[in-house]
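Tertiary structure, described
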Amino acid sequence: MEILPDIASLINSTLRISTPLIFAAMAGLFAERSGVIDFGLEGKMLAAAFVAAVGSYYFGSPWLGLILAMIACVSLSMLHGFASVTHKGDQVVSCVAINILMIGLTTALAAAWFGQAGLTPTLTDEQRFLEITLPFADALRDIPIIGIIYSDILSGHYVFVYLAYLCVPIVFWIVFKTSFGLRLRAVGENPSAVDTAGINVFTMRYKALMINGVLISFAGAHLSTAVNANFFREMSAGRGYLALAALIFGKWHPKTALIACLLFGFTDALQIRLQGVELPAIGTIPVQLIQAIPYVLTVVLLAGFVGKAIAPNAIGQPYVKER
Amino acid sequence: MVSPILELKNINKSFGHVQANKNINLTIKKGTIHGIIGENGAGKSTLMSIVYGLYQADTGSINVSGKEIKLRSPRDSIESGIGMVHQHFMLVENFTVIENIVLGFEGEFVFGKKLEKAKEDLQKLCETYKLNIDLDSVISDLSVGFRQRVEILKSLYRGAEIFILDEPTGVLTPQEVDELFKILRSLKEEGKTIVLITHKLNEIMDLTSEVSVMRQGEVVGHTKTTDTNKEKLAEMMVGRSVLLRLNKTEAKLGDVVFKVENLTVKDDLDVTRVKNVNFEIRSGEILGLAGVTGNGQTELLEALSGIRNVESGAIYLNDEKISDKDNLLDPRELKEKGLAHVPEDRQRMGLVTDFKAYENLIFGYHDQEPYSKSSILRDGDILSFSKKVMEEYDVRPRSPQLITSNFSGGNQQKIILSRELNENPKILLVGQPTRGVDIGAIEFIHQRLIDMRDKGAAILLVSVELDEVLSLSDRILVMFDGNIVGERVNKDVTDRDLGLLMAGVA
């Protein structure tokens, strides 16, 4: 019976670690389904983490910090749209610019405002999101199985964790059951068809990017005002790229992208567990090797197991009316 | 007097320095099928894109049923009752038929009752016009002919009264063309108006009651179809008289020059596209290869010209094996053995479009005398050669220094043709020689091919234009799904016969 709490805590951390990946993957899904590559998830996540931490610190409310992070991320998405949709620039270049700019800008601003390179002040409990204990969690703890599932796995997460898992079915519903979703998918597959149906291709892509900005801001705020109590340099740590990999692995579909995010989250959780564990015959595995697991998995999955991931047909192509 | 359903007044449109439409005035009567004919680049498609709201005219006005309309986007024209079936279909391939049709006109944010209603309406329209479309099938599973019907249904559903069809038959088999014409006639019977844009004279004569001719951005003529004939129309299109019938004598067949034995070829995705094909060509003979696009002709041509590997089987030139699975001569070696190739896609494979004309005129032969000596190009000799050849092949403008992409399709094709024919090849492989080429140049290119044949060359002509295959070939093979499904001597063959073979039903 000793193994059960271990498994419970592993699942618990998987749910938590997957959260920013899920937001980022869903954000990427909107952009890429509309035909705009979003390589800039990483930079936007970083920007959101920074703005959320600073906003919460100044205004004393993590919700205000979140709103400011949203504004920042939507602005960055609009910038990406301005460069790559309106001016038909190279989408990857625009994303890389955002990523590099955000690494530098967050570090520099933190240094300028708080005197510490790449660090923001620690937030008090009022200034950050706290773990939510679900009702009756303590009372139900002693019931076998259900107690573990409810009290140890489902209860005690930050608000973002619940939002993330709520977000996936909503995204699915929007993308596949509404007229907006139909137009979104069409504009990423064949923008000419959308144009000739009397819908503005550019407006559609901007709308998608706006949703993209809102969703990615949750991922950043989760990092700096929930899981941690401050922003630190490059705290997104490649999660934006990992989420993009999950999106591709999930073939641009919310359900499979969720599974991919959970898989990455799980290997990360496992990785943390395995650190320092002595294995018989082998001994302690070097930490670096274990930490590499999620990334190695990404490469292996993308290279081999996914099969052909068929991207939206018009992805990466600025829309130009035929001449 | 009833006002015409569509009236264009003084439409002008320029793209940069190019004036695509000049002072266009056009009147289209309700309930007619009105043809607009003109060569590629005459401005037909631009004009219709203006009517559909995709481009905005620089000046001029458009009236629908006597009322002036402002067209800022396709939405405006759809609301005015204009529908367009584009040359390249505007369909999302991985959507179902119904998803494509309601796109932009869903009527509600969340799919529900209205979609059910749309389905009923569409089913009724399908029955009325005998369209026979399964609304839930995915576009990528449909044949080209059916995709086109989806486009027609889409316009019908959006309430179109005027249907603009831009080169609708370019991608269809003869049977599909017949079906399309039936549908168009039934639309007309229901009181709809149809504008048919085409460069094919037969279609105008078959289907339309009135015809307008465009040349170089202007409407140069307008007449009742019954008052004109193909020769007159062709003359109006080109601006001079054109020979529609070729000077072609009986072929004088020589020995077998080229032989293909059990040839199988795969494409880049490892799909077998050419299946166990056999044929031979004699000197002094044009062998036509007919078929709908994508039935293996491209891969066959690539394998024969040494660009693509052979999976099994062999190719012989003058009884010498030139290619099989283990051994493939490259295009240069083939060239030296007397094989010339005019590729299907001239801009991608036939030319370096960013190069100057004189460079393309010798490309592939550039390392031979007199074009180069000791690996150094001799510009003077090349230029004087180029001028001579451009004169001979009537390439316009005659400026060897001009960048190739600035030449029209027909003149680009002449550049390739002159280069390939100049060495007097024993075997000539020609793919889509007149695709996107104007009538005047078609006449010229066809005559050149006949002349080559009479000089004793063996020619393989691959074309999706049935008329072209019929008018040039001495013998015709039909390819369907990678197989040669039929062989006919050109004397005793009909469109219909070939059409059935092309569709894979005979």
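Being a predicted model, the structure only gives us computed values, none of them experimental.

Quick notes on the rules
Residues numbered from 1 in each chain as written. Chains lettered and ligands numbered in written order. Predicted model: local features only at pLDDT ≥ 70, side-chain atom pairs only at ≥ 80, totals over all residues. Heavy atoms only, no water. Helix = DSSP H or I, 4+ residues; strand = E, 2+ residues; numbered from the N terminus. Rg over C-alpha atoms; globule rule 2.2 N^0.38 Å. Buried < 20%, exposed > 50% of the residue type's maximum accessible area, 1.4 Å probe, protein only. Polar contact = N/O pair within 3.5 Å; in protein donor to acceptor, adjacent residues only side chain to side chain. Contact = heavy atoms within 4.5 Å. Buried area = accessible area lost by both parts, 1.4 Å probe. Salt bridge = Lys/Arg side-chain N within 4 Å of Asp/Glu carboxyl O. Patch = residues over 30% accessible without salt bridge, like charges linked within 9 Å, V, L, I, M, F, W, Y side chains within 5 Å. Areas by Shrake-Rupley, 256 points an atom, 1.4 Å probe, with all protein chains shown as cover. Domains from an automatic or database assignment. Expected span 1.5 Å × (residues − 1). Pairing = 2+ DSSP bridges. Axes fitted to C-alpha atoms, helices over the stretch in contact; angles between N-to-C directions. Parallel < 35°, antiparallel > 145°, perpendicular 65-115°, else oblique. Left-handed = near helix turned anticlockwise from the far one by under 90°. Nonpolar A, V, L, I, M, F, W, Y, C, P; charged D, E, K, R; others polar.

1. Describing the overall build of chain A
Counting its secondary structure elements, chain A contains 14 helices and two strands. Against the 2.2 N^0.38 benchmark of 20 Å for 323 residues, chain A shows a C-alpha radius of gyration of 21 Å, consistent with a compact globule. Summarising its shape, the C-alpha atoms of chain A cover approximately 70 × 50 × 45 Å along the three principal directions. By residue count, 51% of the 323 residues in chain A fall in the buried class.

2. Some thoughts on the side chain of Ser224 of chain A
All names here are of chain A. With respect to the helices, strands and loops of the structure, Ser224 is situated in helix 10 (residues 201-227). At a separation of 2.6 Å, a polar atom in the side chain of Ser224 contacts the main-chain carbonyl oxygen of Ala49. Ignoring anything within four residues of it in the chain, the contact list for Ser224 reads Ala49, Ala52, Ala53, Leu123, Ala229, Asn230, Phe231 and Met235.

3. Some thoughts on the interface of chain B and chain A
Tallying the contact residues gives 26 residues for chain B and 23 residues for chain A. Roughly 2,200 Å² of surface becomes buried between chain B and chain A when both sides are summed, with 62% attributable to carbon and sulfur atoms. The largest contributions to the chain B side of the interface with chain A come from Met90, Leu103 and Phe109 of chain B, which together make up 25% of the buried area. For the interface between chain B and chain A, the tally reads two salt bridges. Residue Arg183 of chain A pairs with Glu106 of chain B through a salt bridge whose shortest N-O separation is 2.7 Å.

4. Focus: a nonpolar patch on the surface
Residues and elements named next belong to chain A. Residues Tyr57, Tyr58, Phe59, Leu64, Ile67, Leu68, Ile71 and Trp113 make up a contiguous nonpolar surface patch of about 800 Å² in total accessible area. Of all the secondary structure elements, the ones that give two or more residues to the nonpolar patch are helix 2 (41-59) and helix 3 (62-86). Sort the elements by how many residues they give to the nonpolar patch and helix 3 lands first, with four residues. Looking at Leu64, the relative accessible area reads 38%, which means it is partly exposed.

5. Points about the domain arrangement of chain B
Residues and elements named next belong to chain B. Assigned domains of chain B: these are domain 1 (6-238) and domain 2 (256-348 + 425-502). Of note, the centres of domain 1 and domain 2, computed from C-alpha atoms alone, are 34 Å apart. Each partner contributes to the interface: domain 1 provides 13 residues, whereas domain 2 provides 14 residues. Both sides together, the interface formed by domain 1 and domain 2 hides about 950 Å², and carbon and sulfur atoms give 57% of it. Where domain 1 touches domain 2, the interface holds one salt bridge. As a salt-bridge pair, Glu465 and Lys200 come within 3.8 Å of each other at their nearest N and O atoms. Scanning the region where domain 1 abuts domain 2 turns up one residue pair in polar contact (both at pLDDT 80 or more). Every element with two or more residues in the side of domain 1 that touches domain 2 is listed here: helix 6 (174-189), helix 7 (201-207) and helix 8 (230-238).

6. Points about helix 12 (residues 254-274) of chain A
Structural remark: α-helix, 3.6 residues per turn; residues separated by three or four positions point the same way. Residue and element names in this part refer to chain A. With 21 residues, helix 12 should reach 30 Å at 1.5 Å per residue; the first-to-last C-alpha distance of 30 Å fits that figure. Restricting attention to buried positions, one finds in helix 12 the residues Pro254, Ala257, Leu258, Ala260, Cys261, Phe264, Gly265, Thr267, Ala269 and Gln271. Just downstream of helix 12, Gly276 is the residue with a positive phi angle, here 80°.

7. Thoughts on the environment of Phe146 of chain B
Residues and elements named next belong to chain B. Within the element layout of this structure, Phe146 appears in helix 5 (residues 144-157). Judged by relative accessible area, which is 27%, Phe146 ranks as partly exposed. Once the C-alpha coordinates of Phe146 and Leu180 are considered, the two residues, 34 residues apart in sequence, prove to be 9.6 Å apart. For Phe146, the residues in contact, after removing those within four places along its chain, are Leu131, Asn132 and Ile133.

8. Remarks on the sheet that holds strand 3 (residues 33-38) of chain B
Residues and elements named next belong to chain B. One open sheet accounts for six strands, arranged 6-7-8-3-9-10; its pairing is mixed. Since the sheet does not close on itself, it has two edges, and those belong to strand 6 (82-85) and strand 10 (218-224), each with one partner. When the angles between neighbouring strand axes are averaged without regard to direction, this sheet yields 20°. Looking at chain direction, strand 7 (residues 162-166) and strand 8 (residues 193-198) are connected through five bridges and run parallel. If you follow Ile162 over to strand 8, its bridge partner there is Thr193.

9. Focus: the sheet that holds strand 15 (residues 320-323) of chain B
All names here are of chain B. Spatially, four strands are ordered 12-11-14-15 in an open sheet, and the strand pairing comes out antiparallel. Strands at the two margins of the open sheet, each flanked by one partner only, are strand 12 (272-282) and strand 15. Put simply, the sheet's adjacent strands are angled 25° from each other on average, direction ignored. Of the pairings in the sheet, the one linking strand 14 (residues 312-317) to strand 15 comprises three bridges and is antiparallel in character. Across the sheet, the residue bridging to Ile315 is Ser323, located in strand 15. Where helix 9 (residues 297-304) meets the sheet, its contacts fall on strand 11 (256-266), strand 12 and strand 14, and the angle it forms with strand 11 comes to roughly 120°.

10. Structural notes on helix 11 (residues 239-249) of chain A
Of all the positions in helix 11 of chain A, only Gly240, Leu242, Ala243, Leu244, Ala245, Ala246 and Leu247 of chain A are classed as buried. Lys251 of chain A, located one to two residues past helix 11 of chain A, shows a positive phi value of around 50°.

11. Remarks on the packing of helix 11 of chain A against helix 12 of chain A
Residues and elements named next belong to chain A. Where helix 11 contacts helix 12, the two axes come as close as 7 Å, and the packing angle between them is 135°. The pairing of helix 11 with helix 12 is recorded here as oblique in orientation. Crossing angle aside, the handedness with which helix 11 passes helix 12 is right-handed. For the pair helix 11 and helix 12, the contacting residues are Leu242, Ala245, Ala246, Leu247 and Phe249 in the first and Ala257, Ala260, Cys261, Leu263 and Phe264 in the second. Partitioned by chemical class, the residues of the contact of helix 11 with helix 12 number 10 nonpolar, no polar and no charged.

12. Some details on the pattern of salt bridges
Residue and element names in this part refer to chain B. Under the defined criterion, the tally for this structure stands at 45 salt bridges over all chains. For Lys154, the salt bridge is made with Glu151, and the minimal N-O distance between the two is 3.3 Å. You can see Lys154 and its partner Glu151 sitting in helix 5, three residues apart, about one turn around the helix. For the pair Lys154 and Glu151, a shared accessibility class is recorded, and that class is buried. Two residues, Glu285 and Arg475, come together in a salt bridge whose shortest N-O distance is 2.7 Å. Here the residue Glu285 occupies a position in strand 13 (residues 285-290), and Arg475 occupies one in strand 21 (residues 475-480), the gap between them amounting to 190 residues. One salt-bridge network, held together by shared partners, links Glu391, Asp394, Arg396, Arg398 and Lys414.

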